[in-house]
Amino acid sequence: QVQLVESGGGLVQAGGSLRLSCAASGRTFSSSSMGWFRQAPGKEREFVAVISWSGNITYYADSVKGRFTISRDNAKNTVYLQMNSLKPEDTAVYYCAARQGIVVSTSPDAMAYWGKGTLVTVSS
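Note that residues are indexed from 1 along each chain, following the sequence as it is written. Under the rules for a predicted model, residues below a pLDDT of 70 receive no local features and side-chain atom pairs below 80 are neither given nor counted, while totals for whole chains, interfaces and linings still include all residues. With hydrogens and water stripped out, all remaining heavy atoms of the structure feed into the side-chain values.

Undergrad: Talk me through the overall build of the chain; I want residue IDs and the actual numbers.
TA: To qualify as a helix, a DSSP run of H or I must reach at least 4 residues; to qualify as a strand, a run of E must reach at least 2; elements of each kind are numbered from the N terminus. The helix and strand tally for the chain stands at zero helices and 11 strands. The globule rule used for comparison is 2.2 Å times the number of residues to the exponent 0.38, while the radius of gyration itself is calculated over C-alpha atoms. Its C-alpha atoms give the chain a radius of gyration of 13 Å, near enough to 14 Å, the size a compact globule of 124 residues would have. Classification of residues uses two cut-offs on accessible area relative to the type maximum, computed with a 1.4 Å probe and protein chains only: under 20% is buried, over 50% is exposed, and between them is partly exposed. For the chain, with 124 residues in total, the buried portion stands at 40%. The contacts in the chain between residues at least 6 apart in sequence include a share of 57% that link residues at least 24 apart. Each accessible area value is a Shrake-Rupley result obtained with a 1.4 Å probe; residue values ignore everything except the protein chains displayed when judging cover. Entry remark: accessible area of the chain is about 6,500 Å², with carbon and sulfur atoms responsible for 49%. Neither His nor the chain termini are counted; the positive set is Lys and Arg, and the negative set is Asp and Glu. For this purpose, a charge sits on NZ of Lys, CZ of Arg, CG of Asp or CD of Glu. For the chain, the centre of its 12 positive side-chain charges and the centre of its 8 negative side-chain charges are spaced 6 Å apart. Residues are treated as being in contact if the distance between any of their heavy atoms lies within 4.5 Å.

Dropping the structure here:
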């Protein structure tokens, strides 16, 4: 019912910045929170950031707090992740996800829809 497509990944040097975008299409029946998750090779998928429907509630993983900013433009059905001061340990495939309902969750198990991911590589 909902398709999510990430873009904006690429190769960047440590200390640099990237801006990821997630475009949603298909049928969206009700308000939803949106989140970003990432997965490095050989590791579990981990929470990065989440934002409520209105955008007034956001949560960040401790590892990215102060460096990453999540935002959304509901008119464009798009969610963004601005990543600054990137570190090599940020290297991962970044996934966009969505959850229906008013409850904002940081758990990947709570997300109903997922994109296919975009690769971010940070070199040292």
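Undergrad: Pulling in residues and values, what's your account of the packing of aromatic side chains?
TA: Two aromatic rings, drawn from Phe, Tyr or Trp (for Trp, its six-membered ring), form a pair once their centres lie within 6.5 Å of each other, and the interplanar angle then sorts them: stacked below 30 degrees, edge-to-face above 60, tilted otherwise. Here the structure, examined in full by the defined rule, presents two aromatic pairs. Measuring from ring centre to ring centre gives 5.9 Å for Phe37 and Phe47, while their planes differ by 70 degrees; the resulting arrangement is edge-to-face. Residue Phe37 is located in strand 4 (residues 32–39), and its partner Phe47 is located in strand 5 (residues 46–51); the two are separated by 10 residues in the primary sequence. Measuring from centroid to centroid gives 5.1 Å for Phe37 and Trp114, while their planes differ by 55 degrees, and the two rings are tilted. One end of the pair, Phe37, is in strand 4; the other, Trp114, is in strand 10 (residues 113–114), and 77 residues separate them in sequence. Residue classification places Trp114 among the partly exposed positions, given a relative accessible area of 28%. Arg45 extends its terminal NZ or CZ atom over the ring of Tyr95, reaching a point 3.8 Å from the ring centre. In our convention, an over-ring charge means Lys NZ or Arg CZ found within 6 Å of a ring centre and within 35 degrees of that ring's normal. The cationic tip of Arg45 hangs over the ring face of Trp114; the distance from NZ or CZ to the ring centre is 4.8 Å.

Undergrad: So what's going on with the pattern of salt bridges? Which residues, and what values?
TA: Any Lys or Arg side-chain nitrogen found within 4 Å of a carboxyl oxygen on Asp or Glu counts as a salt bridge. For the structure shown, the criterion picks out four salt bridges. Lys65 is the salt-bridge partner of Asp62, the closest N and O atoms lying 3.1 Å from each other. Judged by its relative accessible area of 51%, Lys65 falls in the exposed class. With its nearest N and O atoms 2.8 Å apart, the salt bridge here joins Arg67 to Asp90. Here the residue Arg67 occupies a position in the loop between strand 6 (58–60) and strand 7 (68–73), and Asp90 occupies one in the loop between strand 8 (78–83) and strand 9 (92–100), the gap between them amounting to 23 residues. Since its relative accessible area comes to 11%, Arg67 is described here as buried. A single salt-bridge network, built from bridges that share partners, covers Arg38, Glu46, Arg67 and Asp90.

Undergrad: How would you explain the state of the cysteines if you had to name every residue and give the values?
TA: Our working definition of a disulfide is a cysteine sulfur pair at a distance within 2.5 Å. Taken as a whole and judged by the stated rule, the model has one disulfide. Residue Cys22 pairs covalently with Cys96 via a disulfide, S to S 2.1 Å. With the S-S dihedral at roughly -80 degrees, the linkage between Cys22 and Cys96 falls on the left-handed side. Here Cys22, found in strand 3 (residues 18–26), pairs with Cys96, found in strand 9; they are 74 residues apart in sequence, far enough to count as distant. Here Cys22 and Cys96 have matching classes, each one buried.

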